[in-house]
Amino acid sequence: LLFVCGKYSAATIYVNSSSSGLNNGLSWNNAYINLQEALSNAIFGDQIWVASGTYKATVSNDRTISFVMKNGVNLYGGFSGNETSISQRNINSNPTNLSGDIGALGDNSDNTNTLIRLTSISSGLTVDGFRIISGRASSGTGGIALNNNTGIININNCFFFNNSGTVGGAIFLAYQGNYTVNVNNCDFVSNI
């Protein structure tokens with residue numbers, strides 16, 4: 001009988017829309033250029049650091065595609081792309097936009113329905129340092145939708161602008177689940 005034991009440790013995954021390196025997420029020089037790819041490859045305990053720029057959930061016109069958060073994966077924006085610790089970032093100087101404007105630019109009718117989804121998260125997580133802009137849900141919420149979670153979810157240092165939905169423009173907390181949402185130092189402007 002052979003028993004193999006591996007050690008898995010949390011990692012920092014880097015995202016920078018202007019990176020020209022290997023785009024494997026292992027450093028700022030080799031950062032992913034696509035936030036979706038970083039989320040897909042992240043595992044429990046990872047942190048995703050995102051440099052200033054604009055990131056969309058899809059390059060297609062499929063309005064149903066969102067950034068879907070994973071258990072225990074924390075998401076931080078506001079980096080310039082050379083920091084070695086979270087405390088070095090300057091969120092105001094390095095705006096990191098999650099934009100729903102996927103179709104015709106400036107036409108809200110074809111925007112992403114919901115920018116960020118947190119569903120069945122059991123371990124809690126943090127979303128920190130983003131501008132969440134122009135999600136347009138014809139049914140649901142445009143910004144962040146939370147449903148059937150447990151644990152503590154922190155939404156910090158975010159700016160919600162121009163999101164709309166039928167049940168919540170910026171944030172919608174569904175009744176299902178047993179979770180706490182802490183919203184700290186966030187601004188809400190022109191959400192419907």
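See the structure printed just above.
The model shown is predicted, which means the values in this text are computed figures rather than measured ones. (Residues numbered from 1 in each chain as written. Predicted model: local features only at pLDDT ≥ 70, side-chain atom pairs only at ≥ 80, totals over all residues. Heavy atoms only, no water.)

Q: Break down the overall build of the protein chain for me, with residues and values.
A: When you go through the protein chain residue by residue, the secondary structure sums to 1 helix and 15 strands. Relative to the globule expectation of 16 Å for 192 residues, the C-alpha radius of gyration of the protein chain, 17 Å, shows essentially globular dimensions. Dimensions of the protein chain, computed from C-alpha atoms along their principal axes, come out at roughly 55 × 40 × 30 Å. Counting every position in the protein chain, which comprises 192 residues, the buried fraction comes to 46%. Considering only contacts within the protein chain whose residues lie at least 6 apart along the sequence, 72% involve residues at least 24 apart. (Helix = DSSP H or I, 4+ residues; strand = E, 2+ residues; numbered from the N terminus. Rg over C-alpha atoms; globule rule 2.2 N^0.38 Å. Buried < 20%, exposed > 50% of the residue type's maximum accessible area, 1.4 Å probe, protein only. Contact = heavy atoms within 4.5 Å.)

Q: Lay out the nonpolar core in plain terms, naming residues and giving numbers.
A: Counting 40 residues, the largest nonpolar core has Leu35, Ile48, Ile116, Leu118 and Ile132 as its most contacted members. Put simply, the parts of the chain that give this core at least two residues each are β1 (12-15), α1 (35-41), β2 (47-51), β5 (74-79), β7 (116-119), β8 (125-128), β10 (144-147) and β11 (149-156). Tallying contributions element by element places β2 first for this core, with 4 residues. Once residues within four sequence positions are removed from consideration, Ile48 is found in contact with Ile13, Val15, Leu35, Ala38, Leu39, Ala42, Val73, Asn74, Leu75 and Tyr76. (Core = buried A, V, L, I, M, F, W, Y, C linked by side-chain atoms within 4.5 Å.)

Q: Account for the sheet that holds β11, naming residues and giving values.
A: Strand-to-strand pairing in sheets goes through backbone hydrogen bonds, with the strands running parallel or antiparallel. Overall, parallel pairing links the 6 strands, which are arranged β1-β2-β5-β8-β11-β14 in an open sheet. Since the sheet does not close on itself, it has two edges, and those belong to β1 and β14 (177-184), each with one partner. Mean inter-strand twist for the sheet, computed between neighbouring axes without regard to direction, equals 20°. Sheet analysis places β1 next to β2, joined by 4 bridges and oriented parallel. Looking at β2, one finds that Ile13 is bridged to Ile48. (Pairing = 2+ DSSP bridges. Axes fitted to C-alpha atoms, helices over the stretch in contact; angles between N-to-C directions.)

Q: Please set out the sheet that holds strand β3 (residues 53-56) residue by residue, giving values where relevant.
A: Taken in spatial order, the 5 strands of this open sheet run β3-β6-β9-β12-β15, and their pairing is parallel. Lying at the two open borders of the sheet, with one neighbouring strand each, are β3 and β15 (187-189). Sheet twist, expressed as the mean angle between neighbouring strand axes with direction ignored, is 20°. Where strand β6 (residues 96-99) and strand β9 (residues 131-133) come together, 3 bridges link them in parallel fashion. From the neighbouring strand, Ser99 faces β9, where its bridge partner is Ile133.

Q: Requested: an account of the state of the cysteines, with residues and values cited.
A: In this structure the tally under the stated criterion is 0 disulfides. No disulfide involves Cys186; its sulfur sits 4.8 Å from the nearest other cysteine sulfur, which is in Cys158. (Disulfide = S-S within 2.5 Å.)

Q: For the side chain of Asn163, give the residues involved together with the corresponding values.
A: Looking at where Asn163 falls in the secondary structure, it is placed in the loop between β12 (159-161) and β13 (171-173). Engagement of the side chain of Asn163 in a polar contact is seen with the backbone nitrogen of Gly135, the distance being 2.8 Å. Non-local contacts of Asn163, meaning those with residues more than four positions away in its chain, are made with Leu115, Ile132, Ile133, Ser134, Gly135, Gly142, Gly143, Gly169, Ala170, Ser190, Asn191 and Ile192. (Polar contact = N/O pair within 3.5 Å; in protein donor to acceptor, adjacent residues only side chain to side chain.)

Q: Please set out the pairing of β3 residue by residue, giving values where relevant.
A: Here is the key point about a regular strand: its side chains alternate between the two faces of the sheet. What you see with β3 is a clean split: Gly53 and Tyr55 sit on the buried side and Thr54 and Lys56 on the side with no burial. Across 4 bridges, the pairing between β3 and β6 is parallel. Pairing of Lys56 across the sheet is with Ser99, part of β6.

Just geometry here; none of it tells us what the structure is for.
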